[in-house]
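What follows is the residue order along each chain.
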Amino acid sequence: KQILRAGLRRFAECGYAGTSVQDIVDAARVTKPTLYYYFGSKAGLYQALVDTALDERYRLMQEAAQAGEELKAKLVEIVAALFSFLQRESDLMRIAFATAFAAPGEIPKEVRYLDKSLRNFDFLHSLIKKGLADGVLDPRFDSRELAYGLFGQLNIYIMAHLLLPKVRLNRHTARRIVRLFLSGAAAKN
């Protein structure tokens, strides 16, 4: 945990390339062999942090979806849970986004994030597909384009908060995002 915390701080402040193993072990007050024992390499430590961010995001989405009965409530719970996670773990989210948008060669090739990112998207997509099947969403829209629309809107708010921490992300904002999404995608009665 000491190494993870130190790595998280350093990677969030300086990026992958700007962080050395020496920086991490100095901050963690451990030796290089200790870091290598637990994580194998700097890339292994970075991967552990990216996995933590994506796995926790997935867990929170699943848990939040169970708290709501209908699609609207599920989506509000998911967005609010992710906003809460961002407030607590902005450095983890910064690393996850930095990894996703890194230039080729900026992050080591062995660092994997796409499978877990797609898993997270697929979970949201499954809720959208169910909303379409239940007649809650307008069938003129494809489930993927609806899921991309909501996922993209959610991630834009998260990126805005990372860039401008004064952007308030809370349950009220979550409700407004979902209302905005559903007002354009809700089925016409």
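Remember, predicted model here, so these are calculated numbers, not experimental data.

(A) Representation of the environment of Ala28. Here Ala28 shows up in helix H2 (residues 21-28). Each C-alpha atom, one on Ala28 and one on Gln66, is 38 Å from the other, the two residues being 38 residues apart in sequence. Leave out the neighbours within four places in its chain, and Ala28 touches Gln2, Ile3 and Ala6.

(B) Fine view of H2. Among all positions of H2, only Val21, Ile24, Val25 and Ala28 are buried. For H2, the arc enclosing every buried residue in end-on projection is 90°, short of the 170-degree limit, so these residues lie on one face. Packed against the buried residues of H2 are helix H1 (2-14), helix H3 (32-39) and helix H4 (42-67). Positive backbone phi, approximately 60°, marks Arg29, located one or two places after H2.

(C) Here's a closer look at the packing of aromatic side chains. Within this structure, the stated rule accounts for nine aromatic pairs. Note on Phe11 and Tyr46: the rings are 4.9 Å apart at their centroids and 85° apart in plane angle, and the pair reads as edge-to-face. Here Phe11, found in helix H1, pairs with Tyr46, found in helix H4; they are 35 residues apart in sequence, far enough to count as distant. Exposure remark for Phe11: the relative accessible area of 3% places this residue in the buried category. A relative accessible area of 2% places Tyr46 in the buried class. Pairing Phe121 with Phe151 gives two aromatic rings, centres 5.5 Å apart and planes at 75°, and the pair type is edge-to-face. Here Phe121 is found in helix H7 (residues 114-133), whereas its partner Phe151 is found in helix H8 (residues 143-163), with 30 residues between them in sequence.

(D) Here's a closer look at the packing of helix H5 (residues 71-88) against helix H6 (residues 90-100). As a packed pair, H5 and H6 sit with axes 5 Å apart at the nearest point and diverge in direction by 105°. Comparing the axis directions of H5 and H6 gives the class roughly perpendicular. Here Phe85, Leu86 and Arg88 of H5 come into contact with H6, specifically with Ser90, Leu92 and Met93. Looking at side-chain class alone, the contact of H5 with H6 contains four nonpolar, one polar and one charged residues.

The rules behind the values
Each chain has its residues counted from 1, following the order in which its sequence is written. Whole-chain, interface and lining totals are the exception, using all residues; otherwise, since this is a predicted model, local features are given only for residues with pLDDT of at least 70 and side-chain atom pairs are given and counted only at 80 or more. Each side-chain value is derived from all of the structure's non-hydrogen atoms; neither hydrogens nor water enter the calculation. For the purposes of this entry, the term helix denotes a DSSP run of H or I that reaches at least four residues, the term strand denotes a run of E that reaches at least two, and both are numbered from the N terminus. In this analysis, two residues are considered to be in contact whenever any of their non-hydrogen atoms come within 4.5 Å of each other. Accessibility here uses a 1.4 Å probe with only protein chains present; expressed as a share of the type maximum, an area under 20% marks a residue as buried, one over 50% as exposed, and anything in between as partly exposed. The arc in question is formed by the directions pointing from the helix axis toward the C-beta atoms. The rule is short: rings of Phe, Tyr and Trp, with Trp giving its six-membered ring, pair when the centres are within 6.5 Å, and they are stacked under 30 degrees, edge-to-face over 60, tilted in between. Note on definitions: angles span 0 to 180 degrees between N-to-C directions of axes, and those axes are lines fitted to C-alpha atoms, for helices only across the stretch in contact. Geometric relationships in this document are graded by angle, where less than 35 degrees denotes roughly parallel, more than 145 denotes roughly antiparallel, 65 to 115 denotes roughly perpendicular, and other angles denote oblique. Each residue gets one of three labels, nonpolar for Ala, Val, Leu, Ile, Met, Phe, Trp, Tyr, Cys and Pro, charged for Asp, Glu, Lys and Arg, and polar for the others, Gly among them.

Limitation: the analysis is restricted to geometry and does not speak to function.
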